[in-house]
Amino acid sequence: MKRFTREEVAKHNTEDSLWVIIDSRVFDVTRFRNLHPGGASVFMDEGIPGQDATEAFFGLHRYEVLEKPQYARLQIGIIEGEEPQITGGIVRGKLSKVPYAEPTWLSEGFKSPYYKESHRRLQQAIRKFVDEVVYPDAQERELDGKRPSQSVFDQMAELNIHAMRMGPGKHLKGLTLMGGVVTPEEFDYFHELVISQEISRCGARGYGDGLMAGCVIGLPPVLNFGSPELKARIVPEVLSAKKFICLAVSEAYAGSDVFGLQTTATKTEDGKHWIITGTKKWITNGTFADYFTVGCRTEDGFTVILVERGEGVSTKPIKTSYSSAAGTAYVTFDHVKVPVENTLGEEGGGIFVMLSNFNHERWVMCCINVRAQRAIVEECMKWVNQRKAFGRPLHSLAVVRSKLASMIARVESQQSWLENITYQMCNMSYREQASKLAGQIAFLKAHMTRSAQLTAADAVQIFGGRGITQTGMGKFIEHYHRTVTFDALLGGAEDVLADLGVRQAMRGMPSDVRL
C-alpha cells in the first residue's frame, strides 16, 4: 500500500480530486462522492476535503462500512509513519475491551468461584465458532426471513452443540463436545450458560430463536419422558439436525393458562391411537418442524404427546415483530392419528411434564436475555465515547451517564443472580430444582425482562433517531427495542411469573411466625 504525507493528501481538496483520511488510511472519494448515500455535499464540509475525517466518519458510520468491498477498494494508501489504530465491529474470537461488555469472569483481573478452565476453553471455542459461522448467517437471515442455513445447523451438529444445549445428562455420554474442550462427565449448567450467552451475541433475535430454540424447549420432554424406543428414534436425528422439533402448547385461547387449552386428544376404540384435533399459535420453529411436542386435553386431564408432521398437520407462518427466520407458526391438527406409544409421561400427567420443562426453558431465556442486554450496554458505551453533542462528547452529559449507570447496574446484578441460581442447579437434583428454584427462576425472568425494556428505552434515547433506524449506527438498538418484549411473553408473561414466585414463597411460610 502506497504511503502519503498529510501534506500530499491536503492538496487533493477539490471536487475534481478529493481525498480524505480515516484512521491514517487514505481514500480517494472523487468518483464515489456523487454515489454517496448521504449526498455529495458532505464531502465539501469544512475539515473534510484533504483532511483527517476520522471523527466525522465515526460520528456517522459503523466501522464495518470500511470493511465492505465496495468501500474498501477506495483506499489508495496509508499516511507515512502511521498505522490504523481503531478497531471496531466484532473482532472474531476475541474478548471485548469495552468496560462491562463482558461478564466479570471474562474481564481482566476479575475472579469467579463458578468457572473452571473447561468453561474458559469452551467459551473461547464457542465464541470463535459464533463469530465466524453463526454471526454472518444471522445478519443475512434476519433480514431475508429465511430459516438459519442448513450448513450452520450441520456444523453445530458436528461439534455436538445441539446436544450441549439440552444441558448435562445421559444424552451426552460418549460424545466429543466442541472438539474435546470439555468432557461429557464434567459438562454442567455453567457450560450450557456459556453456550447460550455466546450464541445470543449474534445480534439477531428472530434468527437466534430459529437456531433450534424449538429443540431446546421441545426435545427435553422426549428425553425425560419418552419411551426408550421413541428416544432411540427421535433424539439422534434431531440432535444431528436432520430433523427439527418444536414445543406446541400455546393457543389463541390459552397462553400462560395451560389448563385452558382446547386442543383435544381422544383414543380410538382399540386404544392404540390418539386422534388429535385443535390449533396452536405462536409456535417457535413450527414452520419447519418435523415433530411437535403437543399439549392436549384428554379424558383424564392434560397429556403431552409427540406428533410427527404428516396427514392432518398443517402450518402457516405468523408475522411478528422479529424475523420470520424464527419460523413462528400457526399449527393446525385436523384429526391427526398418533400411536399411543408417542405419549410423553403418563396419561393425564402432562402438567408434570410441562412444569419440569419450564424451569430449564425459563433459565435458558434468562441466560440469553442478560447477555443481550450486555451487548446493548457495549453499543451505548462505544457510541457515547465517539459521538459529540453540544460541542462535547456525549458521555460528558450527566443525564447520559445516569442512563448508563442504570443499564450497567441492571446487567451486572442480573448476571450475578443468574450465576447463583445456576450454581444451585449444579448442586440440586432435578426434583429439588422443581421444588426450590421454580420461584427463583420465575422472579429472575420477570425482573430481567422488565429491566430489558428499560434498557431498550434508555438506549434509544442515547442513540436518538439512529435508535429507531434499522440500518446504520443504531441498527442493533432499533432491533433490540423492537424485539425485546418477546422474552417478556415467551415462557410465561411477567405478571404470571411474578405471581408464581410469590405463591411458591407463601407456601413455604412457617405457620408459627408472627410480627
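Here, the structure is the one placed above.
Note that the structure is a prediction, hence the values are computed from the model and not measured.

Draft legend 1. Examining the pattern of salt bridges more closely. Under the counting rule described, the total for this entry stands at 31 salt bridges. Taking the shortest distance from any N to any O, the salt bridge between R371 and E102 comes out at 3.3 Å. Of this pair, R371 sits in helix α13 (residues 350-386) while E102 sits in the loop between β5 (75-79) and α5 (117-144); the two residues are 269 residues apart in sequence, bridging distant segments of the chain. For R371, a relative accessible area of 3% corresponds to the buried category. Notably, a salt bridge pairs E140 with R141, separated by 3.6 Å at the nearest N-O pair. Owing to a relative accessible area of 48%, E140 belongs among the partly exposed residues under this scheme.

Draft legend 2. Representation of the side chain of D137. Within the secondary structure layout, D137 lies in helix α5. Judged by relative accessible area, which is 9%, D137 ranks as buried. Within the structure, D137 has its side chain in polar contact with the side chain of S149 (distance 2.6 Å). Not counting residues within four places of it along the chain, the set of residues in contact with D137 comprises P148, S149, V152 and Y207.

Draft legend 3. Layout of helix α19 (residues 494-507). The end-to-end C-alpha distance of α19 is 20 Å, a good match for the 20 Å that 14 residues give at a rise of 1.5 Å each. Listing the buried residues of α19 in full gives E494, L497, L500, G501 and Q504. The arc enclosing the buried residues of α19, seen along the axis, measures out at 130°, which places them on a common side. Turned more than 90 degrees off the buried face of α19, the exposed positions are D495, M506 and R507. On its buried side, α19 packs onto α13, α15 (430-436), α16 (438-463) and α18 (486-489).

Draft legend 4. Region of the structure containing α5. Under the 1.5 Å per step criterion, the end-to-end length of α5 is 39 Å for 28 residues, consistent within 8% with the ideal 40 Å. Residue V134 marks the point of greatest curvature in α5, where the axis turns by about 45°; the proline P136 follows within four residues. Once α5 ends, the next one or two residues include G145, with phi positive near 80°.

Draft legend 5. Representation of the packing of α5 against helix α8 (residues 189-200) within the structure. One way to put it is that α5 packs onto α8 with a least axis distance of 9 Å and a crossing angle of 25°. Considering the angle they form, α5 stands roughly parallel to α8. Handedness of the crossing formed by α5 with α8: right-handed. Facing S118, H119, L122, Q123, I126, R127 and V130 of α5, the residues of α8 in contact are F190, H191, V194, I195, E198 and I199. Here the residues of the contact of α5 with α8 sort into 7 nonpolar, 4 polar and 2 charged.

Draft legend 6. Spotlight on the nonpolar core. Core analysis: the biggest nonpolar cluster contains 103 residues, and I161, Y207, L219, W363, C380, L418 and I462 have the highest contact counts within it. Beyond its immediate stretch of four places on either side in the chain, I462 contacts C380, W383, V384, L394, V400, K403, L404 and M407. The next biggest cluster of nonpolar side chains, apart from the first, holds 18 residues, and it includes C246, W274, A289 and I305.

Draft legend 7. A look at the layout of surface pockets. Within this model, the second largest pocket holds a volume of roughly 1,200 Å³. Along the wall of the second largest pocket there are 45 residues; nearest its centre are L60, H61, R62, V65 and G472. At the level of elements, β3 (17-22), α2 (54-58), α3 (64-67), α5 and α17 (475-483) are the ones that each hand at least two residues to the lining of the second largest pocket. Of the residues that constitute the lining of the second largest pocket, the class distribution is 22 nonpolar, 14 polar and 9 charged.

Draft legend 8. Molecular detail of the packing of aromatic side chains. Counting across every chain of the model gives 16 aromatic pairs. Relative to F288, the ring of F244 has its centre 5.5 Å away and its plane inclined at 85°; by these criteria the two rings are edge-to-face. Remark: F288 occurs in the loop between β8 (273-283) and β9 (291-298) and F244 occurs in the loop between α12 (228-239) and β6 (245-248); sequence separation between them is 44 residues. Assigned by exposure class, F244 and F288 land together as buried. These aromatic residues form a ring-pair network of at least three members: W105, Y114, Y115, F190 and Y423.

Draft legend 9. Main features of empty space enclosed by the protein. Going through the model one piece at a time under the given rule, you end up with 1 cavity of 30 Å³ or more. There is about 50 Å³ of room inside the largest cavity. In this structure, the largest cavity is lined by P103, W105, L106, Q123, L193, V194, Q197, E198 and R371. Of all the elements, α8 adds the most residues to the lining of the largest cavity, at 4 residues. Within the lining of the largest cavity, the residues separate by chemical class into 5 nonpolar, 2 polar and 2 charged.

Draft legend 10. Main features of the packing of α8 against α13. Contact geometry for α8 and α13: axes closest at 8 Å, N-to-C directions at 50°. Accordingly, the angle class assigned to the pair α8 and α13 is oblique. Between α8 and α13 lies a crossing whose hand is right-handed. Each of Y189, E192, L193, S196, Q197 and S200 in α8 lies in contact with α13, whose residues at this interface are H360, W363, V364, C367, I368, V370, R371 and A372. For the contact of α8 with α13, the residue count by class is 8 nonpolar, 4 polar and 2 charged.

Analysis parameters
- Residues numbered from 1 in each chain as written.
- Predicted model: local features only at pLDDT ≥ 70, side-chain atom pairs only at ≥ 80, totals over all residues.
- Heavy atoms only, no water.
- Salt bridge = Lys/Arg side-chain N within 4 Å of Asp/Glu carboxyl O.
- Helix = DSSP H or I, 4+ residues; strand = E, 2+ residues; numbered from the N terminus.
- Buried < 20%, exposed > 50% of the residue type's maximum accessible area, 1.4 Å probe, protein only.
- Polar contact = N/O pair within 3.5 Å; in protein donor to acceptor, adjacent residues only side chain to side chain.
- Contact = heavy atoms within 4.5 Å.
- Expected span 1.5 Å × (residues − 1).
- Arc of directions from axis to C-beta.
- Bend = angle between axes of the 7 residues up to and from the residue.
- Axes fitted to C-alpha atoms, helices over the stretch in contact; angles between N-to-C directions.
- Parallel < 35°, antiparallel > 145°, perpendicular 65-115°, else oblique.
- Left-handed = near helix turned anticlockwise from the far one by under 90°.
- Nonpolar A, V, L, I, M, F, W, Y, C, P; charged D, E, K, R; others polar.
- Core = buried A, V, L, I, M, F, W, Y, C linked by side-chain atoms within 4.5 Å.
- 1 Å grid on protein atoms, 1.4 Å probe; cavity = no way out; pocket = protein on both sides within 12 Å on 5 of 7 lines; lining within 4 Å.
- Points joined across faces, edges and corners; volume = space filled by probe spheres on them.
- Phe/Tyr/Trp six-rings, centres within 6.5 Å; stacked < 30°, edge-to-face > 60°.

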